[in-house]
Amino acid sequence: MKEVIIEGLGKYTPSNLVTNDQLSEIIDTSDEWIYSRTGIKSRYISKGENTSDMAAKAGEKALENANISPLDVDLLIVATCTPDMFTPSTACIVQSIIGTDNALAFDISAACSGFIYGLDVAKAMIGSNNYKHALVIGAENLSKSLDWEDRSTCVLFGDGAGAAVLSKSDNIGLISSFCKSVGEKYECLTIGGNDVDSPFVESKIIRDSKLRMDGGEIFKFAISVIVNSINKILEENNLDINDIDYIIPHQANVRIIQYAAKKLKVDIDKFYMNMEEYGNTSGASIPIALSDMNEKGLLKKDSKIILVGFGAGLTYGATLINWAI
């Protein structure tokens, strides 16, 4: 069986950079309050671009980086919890924009773990020998789902997209991964859908369409699954933490990463973090971080990298990568 490698990366964020000081003009908060609790200084907020717009631009950059034609893509996956519409899928809209006319296109809804899920699905489908090149995109327009009067949530999130081109190869790339969910905790982080309302409903069920989060429960969950996921990946591949060059976590909160690093007894510098600039971009955060690292020349051939994500669902997962290019 052929291996699967990441052959190209790309990212896109809106041009509208919003600082903590700017947010303090809208709600009762401050730069010190936000930064000391989250490690976030700014985030990019859409002025009208929807999820598909950002996903398409990140995807085009990844294809250019990989030197792959859109027509060579036979699998297009968009991981998002903020789709343009319930139907059609955001992936189909992206397909129409970038011209991946030969691709099977669909969405994955796993929130902040979405890109990890997407890599796992794409690897399996490429491994079935039906597909040669997959474009996996994590994209979110979270600003349209935020309650801009709730300072406990609206200061955390940003908009953006990151993308990766996966290809069949003789080189070792995506070594192993696993994805899990804890559905019994689904109420810890929600964005409501349509109200349950028809001529046959006796009592209308009202959904809250804004993002709601139990921050304390998510915080505890995140630390636990980061540590457990990394240890599981290491154990299954007979590796030591010192064999890993970088850990790229979901970019949610610097305190989560600090606690996880302490429990793992590893230097915090092994974790790549960029939430200071981007905030929490949910399913886009890990591919944006990967693209950042690629642009900075931090991804060296045969580097060992662990991606680890966690999010609404609750969901989590990890992927071990040998950087093959």
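Rules used in this analysis
Residues numbered from 1 in each chain as written. Predicted model: local features only at pLDDT ≥ 70, side-chain atom pairs only at ≥ 80, totals over all residues. Heavy atoms only, no water. Pairing = 2+ DSSP bridges. Helix = DSSP H or I, 4+ residues; strand = E, 2+ residues; numbered from the N terminus. Right-handed = clockwise from strand over helix to strand, strands pointing away. Axes fitted to C-alpha atoms, helices over the stretch in contact; angles between N-to-C directions. Parallel < 35°, antiparallel > 145°, perpendicular 65-115°, else oblique. Left-handed = near helix turned anticlockwise from the far one by under 90°. Contact = heavy atoms within 4.5 Å. Polar contact = N/O pair within 3.5 Å; in protein donor to acceptor, adjacent residues only side chain to side chain. Core = buried A, V, L, I, M, F, W, Y, C linked by side-chain atoms within 4.5 Å. Buried < 20%, exposed > 50% of the residue type's maximum accessible area, 1.4 Å probe, protein only. Expected span 1.5 Å × (residues − 1). Salt bridge = Lys/Arg side-chain N within 4 Å of Asp/Glu carboxyl O.

## As for the pairing of strand 5 (residues 104–108)
Of the pairings in the sheet, the one linking strand 4 (residues 75–79) to strand 5 comprises 5 bridges and is parallel in character. Bridging across to strand 5, leucine 76 finds its partner in alanine 105. For the crossover that starts at strand 4, traverses helix 4 (residues 90–98) and ends in the parallel strand 5, the hand is right-handed.

## Examining the packing of helix 7 (residues 215–236) against helix 8 (residues 254–264)
Taken N-terminus to C-terminus, the directions of helix 7 and helix 8 make an angle of 40 degrees; their axes are 9 Å apart at the nearest point. Between helix 7 and helix 8, the interaxial angle falls into the category oblique. Crossing handedness for the pair helix 7 and helix 8: right-handed. Taking contact as the criterion, the partners of Phe219, Ala222, Ile223, Ile226, Val227, Ile230 and Asn231 in helix 7 are, on helix 8, Arg255, Ile256, Ile257, Tyr259, Ala260, Lys263 and Leu264.

## What about the side chain of lysine 11?
The residue lysine 11 is located in strand 1 (residues 3–12) in this model. A polar atom in the side chain of lysine 11 sits 2.8 Å from the side chain of glutamate 295. In this view, lysine 11 contacts Ala58, Lys61, Ala161, Gly162, Tyr278, Ile288, Ser291, Asp292 and Glu295; residues no more than four positions away in its chain are not counted.

## What to know about the nonpolar core
One broad rule of soluble globular proteins: the nonpolar side chains tend to lie buried together. Among the nonpolar cores identified, the biggest contains 48 residues, and Ile226, Ile230, Ile247, Ile256, Phe271, Ile306 and Phe310 are the most heavily contacted of them. Of all the elements in the fold, those that place two or more residues in this core are helix 7, helix 8, strand 12 (304–311) and strand 13 (315–322). Looking at this core, the element that brings in the most residues is helix 7, giving 10 residues. Dropping the residues within four chain positions of it, phenylalanine 271 is found in contact with Ile230, Ile247, Pro249, Ile257, Ala261, Leu264 and Val266.

## What about the sheet that holds strand 6 (residues 133–140)?
A sheet is described by the order of its strands in space; here 5 strands give the open sequence 1-7-6-4-5, paired in mixed fashion. Both outer strands of the open sheet, strand 1 and strand 5, are each paired with one neighbouring strand and no more. Each neighbouring strand pair of the sheet contributes to a mean axis angle of 20 degrees, computed without reference to strand direction. Bridge count for strand 1 against strand 7 (residues 160–169) is 9 bridges, and the pairing is antiparallel. The residue bridging glutamate 3 from the neighbouring strand is serine 169, located in strand 7. Where helix 10 (residues 285–295) meets the sheet, its contacts fall on strand 1, strand 6 and strand 7, and the angle it forms with strand 1 comes to roughly 90 degrees.

## Let's talk about helix 7
Look at helix 7: 31 Å from first C-alpha to last across 22 residues, which is about the 32 Å you get at 1.5 Å a residue. Three or more residues of helix 7 are buried, namely Ile218, Phe221, Ala222, Ile223, Val225, Ile226, Val227, Ser229, Ile230, Ile233 and Leu234. Downstream of helix 7 by a residue or two, asparagine 238 has a phi angle that is positive, lying close to 50 degrees.

## A few points about the pattern of salt bridges
In a structure, side chains of opposite charge can pair up when their charged atoms sit close to one another. Here the structure, examined in full by the defined rule, presents 13 salt bridges. Across the salt bridge formed by aspartate 292 and lysine 11, the nearest N and O atoms sit 3.0 Å from each other. With aspartate 292 in helix 10 and lysine 11 in strand 1, this pair connects stretches of sequence that are 281 residues apart. Lysine 11 carries the same exposure label as aspartate 292, and that label is buried. Linking glutamate 236 and lysine 232 is a salt bridge whose minimum nitrogen-to-oxygen distance equals 2.9 Å. With a gap of 4 residues between them, glutamate 236 and lysine 232 both fall in helix 7, about one helical turn apart. What makes glutamate 236 partly exposed here is its relative accessible area of 45%. Taken together, the shared-partner salt bridges in this structure form one network comprising Lys11, Asp292 and Glu295.

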